[in-house]
Amino acid sequence: MTSTEAVPAAAQTFTSLNPGTGEVVGTHPIHDAAHVQAVVATARKEAERWQALGFEGRKKALVKWRKVIARRMDELASLMARETGKPQGDALLETALAIDHLAWAASHAEKVLKRRSVSPGLLMVNQAASVEYRPLGVVGVIGPWNYPVFTPMGSIAYALAAGNTVVFKPSEYTPGVGVWLADTFREAVGRPVFQVVTGYGETGAALTTAGVDKVAFTGSTATGKRVMAACAETLTPVVIEAGGKDALIVADDADLDEAAEATLWGAAANAGQTCAGVERVYVHDRVYDEFLDKLVAEARKLKAEPGGQVGPITMPSQVDIIRRHIDDALARGGRALVGGPVPEGARFVQPTVLVDVPEDSAAIQEETFGPTVTVTRVRDMDEAIERANGTRYALGSTVFSKDQGMAIAERLRAGMTAINGVISFAGIPTLPFGGVGDSGFGRIHGPDGLREFTYPHAIARQRFKPAIALTTFRRTAKEEQQLTKVVRGLYGRGRK
Ligand code: NAD
């Protein structure tokens, strides 16, 4: 059975375009609410069977899928490169990381989620206590275009491994990649455990109200709020992986070559369209000039151009936001040491290094999502930390320092911190990924990412009758006095 056999066909279609060339990459159906509901109904029917397979059976199925993706990763990467405009090498790296996460989720679900004994505590010592994490049922995944494989895979792989079926709505800019993932799953597993629906925001909205048991949303903060509001109607839980305004801190003992290189890659890789990309840098006064010289020298060598290391801006409307942030920074006293104002009609934005930008300007407070970075001098690490923590976003962060890395990292308000590296946390399957504040909540990746798509089921089993019977109307005043004595003995004395 295919994902679309039992459901109405879509009347309308849309196309995905290569943002670098304007060429049509693919044509896909615009799925309406009736279609989405039918797909979710299929997923619900399939959920029972998928759950009944158990951890071992699901692992086998996911390993089959993993092998298909790994064997055909060039094909997936080139489709992704055409739909987003990103260089083929970057698309390959993204695919490799997604495969690694799929492998980890499949092989660790049992260990993390299976029933395990926990201590019943002193007052309930007559009980055997245990907890297991059960699948929710059907998970709706709504994805962005910037990392159209890696980002949704952080939800899809973990939700599937945890025993859920999944309906995925990819971004309207990268529908082909979503369809490719669902097609290869069906090829490997032969069941509609993981299905895809395509279309614009309305199709995503339809998924939030189609009766799914959880929505995993990755995209902008503004859309995340709309998704959460829609889900509130039915008390459907949500994971929101939203935008970021990540800071990189350079301490006075940092390796400045490494810090400059990491800043440039963190800011301009994927043309800066990275949720956890580097958008702001705070540099210790003592090394500011030297760091800036190195960054500027490196940045001048990098060009955004067809076939280059920095590709086009995928979404045309994003160019206007990047232009506004640069123009505002320059109008308020900032200077562009590399790059500068973005010409009207441009699809490629040159790497841009901005200095002397006021802290309350858009380029420092709002997500730019382009290959731009602001560099700000700070007198010490206290000031760097205060400024780094000074936006409504809090997704990733980076610290460059030989000796103070951990001390600084521990004071940063962020879901993740990379020390002497950049975005390294995203490639480590055991680490949770997600944000705070306007960057969202909930976690993908790691044990937390598996548990995100489950609900805990607790069992307390009485092993023998308690010495003091508390949960009965037969409880006596004497037993209450005994309880008081025990609690005072346990908790009322001593220093701890
Ligand atoms: P977006 O919010 O425009 O769209 C995201 C998805 O939501 C798309 O599939 C879209 O069709 C769908 N959508 C739109 N309106 C909807 C609605 N009312 N209900 C349900 N779905 C709806 O975001 P985008 O431009 O595709 O992605 C870029 C954003 O994603 C950036 O802000 C970036 O920081 C963020 N992002 C975050 C992470 C993370 O893990 N935190 C990862 C990647 C991207």
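Everything numeric in this text was worked out from a predicted model, so none of it was measured.

Definitions and cut-offs
Residues numbered from 1 in each chain as written. Predicted model: local features only at pLDDT ≥ 70, side-chain atom pairs only at ≥ 80, totals over all residues. Heavy atoms only, no water. Near = heavy atom within 4 Å. Polar contact = N/O pair within 3.5 Å; in protein donor to acceptor, adjacent residues only side chain to side chain. Areas by Shrake-Rupley, 256 points an atom, 1.4 Å probe, with all protein chains shown as cover. Helix = DSSP H or I, 4+ residues; strand = E, 2+ residues; numbered from the N terminus. Nonpolar A, V, L, I, M, F, W, Y, C, P; charged D, E, K, R; others polar. Buried < 20%, exposed > 50% of the residue type's maximum accessible area, 1.4 Å probe, protein only. Contact = heavy atoms within 4.5 Å. Domains from an automatic or database assignment. Buried area = accessible area lost by both parts, 1.4 Å probe. Salt bridge = Lys/Arg side-chain N within 4 Å of Asp/Glu carboxyl O. Phe/Tyr/Trp six-rings, centres within 6.5 Å; stacked < 30°, edge-to-face > 60°.

Colleague: Which residues make up the site of the ligand, and what values go with them?
Modeller: Taken together, the neighbourhood of the ligand is formed by 29 residues, with Glu172, Ser220, Thr223, Ala242 and Glu367 sitting nearest. Gly143 places a main-chain nitrogen or oxygen 2.8 Å from an oxygen atom of the ligand. Protein contact buries 90% of the 850 Å² of open area that the ligand shows by itself. Within the residue set of the shell around the ligand, elements represented by two or more residues are α7 (201-208), β8 (214-218) and α8 (221-232). If one sorts the elements of the shell around the ligand by residue count, α7 sits on top with three residues. A class-by-class count of the residues in the shell around the ligand yields 14 nonpolar, eleven polar and four charged.

Colleague: Now, about the environment of Lys294: what can you tell me, with residues and values included?
Modeller: Position of Lys294 relative to the elements: it lies in helix α10 (residues 288-301). In this structure Lys294 comes out as partly exposed when scored by relative accessible area, which is 25%. Sequence separation between Lys294 and Asp246 is 48 residues; the distance between their C-alpha atoms is 21 Å. When neighbours within four sequence positions are excluded, Lys294 is seen to be in contact with Leu256, Asp257 and Ala260. Looking at Lys294, its side chain comes within polar contact range of the side chain of Asp257, at 3.0 Å.

Colleague: Account for the domain arrangement of the protein, with residues named and values stated.
Modeller: Interfaces are frequently sized by the accessible area removed from exposure as the parts join. Domains assigned within the protein are domain 1 (13-242 + 445-455) and domain 2 (246-429). Each of domain 1 and domain 2 was reduced to a C-alpha centroid, and the two centroids are 30 Å apart. Contacts between the two partners involve 22 residues from domain 1 and, on the opposite side, 20 residues from domain 2. Of the roughly 1800 Å² buried at the junction of domain 1 and domain 2 (both faces included), carbon and sulfur atoms supply 59%.

Colleague: Let's hear about the pattern of salt bridges: which residues, and what values?
Modeller: Considering all chains together, one arrives at 28 salt bridges under this definition. A salt bridge links Asp285 to Arg377, with the shortest nitrogen-to-oxygen separation between them at 2.9 Å. Highlighted residues: Asp285 in the loop between β11 (278-284) and α10 and Arg377 in strand β14 (residues 372-378), separated in sequence by 92 residues. Overall, the relative accessible area of 37% leaves Asp285 in the partly exposed class. Arg323 is the salt-bridge partner of Asp320, the closest N and O atoms lying 2.9 Å from each other. Taken together, the residues Asp320 and Arg323, both in helix α11 (residues 316-331) and three residues apart, mark about one turn of the helix. Since its relative accessible area comes to 44%, Asp320 is described here as partly exposed. The exposure class of Arg323 is buried, given its relative accessible area of 10%.

Colleague: An account of the packing of aromatic side chains is needed here, citing residue identities and associated values.
Modeller: Taken as a whole and assessed by the stated rule, the structure comprises nine aromatic pairs. With a centroid separation of 5.1 Å and 50 degrees between ring planes, the pair formed by Phe14 and Tyr200 is classed as tilted. Note that Phe14 is positioned in strand β1 (residues 12-17) and Tyr200 in the loop between β7 (194-196) and α7, a separation of 186 residues in sequence. Ring geometry for Trp145 against Phe369: centres 5.7 Å apart, planes inclined by 80 degrees, an arrangement best described as edge-to-face. Placement of the pair is Trp145 in the loop between β5 (138-142) and α5 (150-161) and Phe369 in the loop between α12 (362-365) and β14, with a sequence separation of 224 residues.

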